[in-house]
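Inside the fold
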Amino acid sequence: MSEPMRYSAPPVELPLGMDVADPEPVEGCAGCGELAAVRSRARAVGDMTTVSDCNVYLRRHPQGHE
């Protein structure tokens, strides 16, 4: 009798998404400027969770500028 196969397919490797550019803050908006500053400080100390959070907030924030 042969050995049973434990996995139906090899594991899927997902990209890290590090090649996506950071969103730009809107000129003259204090909220955007603060998010960009927090993101910059977080990146300087290697806190990529906060960098990601700031990017999400910056992507959502421009809705208030329209």
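Residues numbered from 1 in each chain as written. Predicted model: local features only at pLDDT ≥ 70, side-chain atom pairs only at ≥ 80, totals over all residues. Heavy atoms only, no water.

Core analysis: the biggest nonpolar cluster contains five residues, these being Cys29, Cys32, Leu35, Cys54 and Leu58. At the level of secondary structure, the elements contributing two or more residues to this core comprise helix 1 (30–44) and helix 2 (48–60). (Core = buried A, V, L, I, M, F, W, Y, C linked by side-chain atoms within 4.5 Å. Buried < 20%, exposed > 50% of the residue type's maximum accessible area, 1.4 Å probe, protein only. Helix = DSSP H or I, 4+ residues; strand = E, 2+ residues; numbered from the N terminus.)

Let us now look at the environment of His61. With respect to the secondary-structure elements, His61 resides in the segment after helix 2. It is 9.8 Å that separates the C-alpha atoms of His61 and Leu35, two residues lying 26 residues apart in sequence. The residues contacting His61, other than those within four sequence positions of it, are Cys29 and Cys32. (Contact = heavy atoms within 4.5 Å.)

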